[in-house]
Amino acid sequence: INEKWLTRRHFQMNSELAKIYNSLPRIQCKGLCIDQCSVAPCVPAEADHLMERYGRIPLPVGIEGKGLVCAELSEEGRCSIYEDRPLICRMYGLVRAMKCPHGCIPHGGFMSYRKGQKILDRAKRIPGKHEPLKILEDRLDELKREKENK
């Protein structure tokens, strides 16, 4: 692990997850992709880390148009948990199929969809005690009921 890059927070999380994060290409984010930001499930090891650190995982606060609005977006349109954001968020702009529409390019070029999927699969195999997919599904059901009751 490149210890100079990893923050202290990353040492508090699962070391396998930290290795995966550290293996990703770097990208200089311009912070213009707020309209691309949505909620996707994190992996169980990430859920454990986020629950320990924040007492929650990223969940939608509402539905706008065709997409979900992430509760972690600040009023300024920035990720409030950027240093601890889930892997799928970290991969946005890195995978050719998830290119940034604002021209941000990862150092060393884009990774293939297949390579990105292998990284996600590796992270999914790290055990965790939380079930983020179930938590997200419950929240989506809740939002659906709220919308129906309006």
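Higher on the page you've got the structure.
All values derive from a computational prediction rather than experimental measurement.

A. Representation of the overall build of the protein chain in the model. Counting its secondary structure elements, the protein chain contains six helices and two strands. When the elements of the protein chain are put in sequence order from the N terminus, they spell out α-α-α-β-β-α-α-α. In the protein chain, which comprises 150 residues, the proportion classed as buried is 34%. Across the protein chain, every contact between residues at least 6 apart in sequence was considered, and the portion connecting residues at least 24 apart equals 63%. Of the accessible surface of the protein chain, which amounts to about 9500 Å², a share of 51% is contributed by carbon and sulfur atoms.

B. Inspection of the packing of aromatic side chains at higher detail. Taken as a whole, this structure holds zero aromatic pairs when the rule is applied. The side chain of R90 reaches across the aromatic face of Y21, ending 3.7 Å from its centre. Positioned above the aromatic ring of F110, the side-chain terminus of K99 is 5.1 Å from the ring centre.

C. Inspection of the pattern of salt bridges at higher detail. Considering all chains together, one arrives at seven salt bridges under this definition. As a salt-bridge pair, E142 and R139 come within 2.7 Å of each other at their nearest N and O atoms. With a gap of three residues between them, E142 and R139 both fall in helix 6 (residues 132-148), about one helical turn apart.

D. Local environment of helix 3 (residues 44-54). Turning to helix 3, its buried residues number three or more, namely A45, E46, A47, D48, H49 and L50. Positioned one or two residues after helix 3, G55 has a phi angle of 80°, which is positive.

The rules we used
- Residues numbered from 1 in each chain as written.
- Predicted model: local features only at pLDDT ≥ 70, side-chain atom pairs only at ≥ 80, totals over all residues.
- Heavy atoms only, no water.
- Helix = DSSP H or I, 4+ residues; strand = E, 2+ residues; numbered from the N terminus.
- Buried < 20%, exposed > 50% of the residue type's maximum accessible area, 1.4 Å probe, protein only.
- Contact = heavy atoms within 4.5 Å.
- Areas by Shrake-Rupley, 256 points an atom, 1.4 Å probe, with all protein chains shown as cover.
- Phe/Tyr/Trp six-rings, centres within 6.5 Å; stacked < 30°, edge-to-face > 60°.
- Lys NZ or Arg CZ within 6 Å of the ring centre and 35° of its normal.
- Salt bridge = Lys/Arg side-chain N within 4 Å of Asp/Glu carboxyl O.

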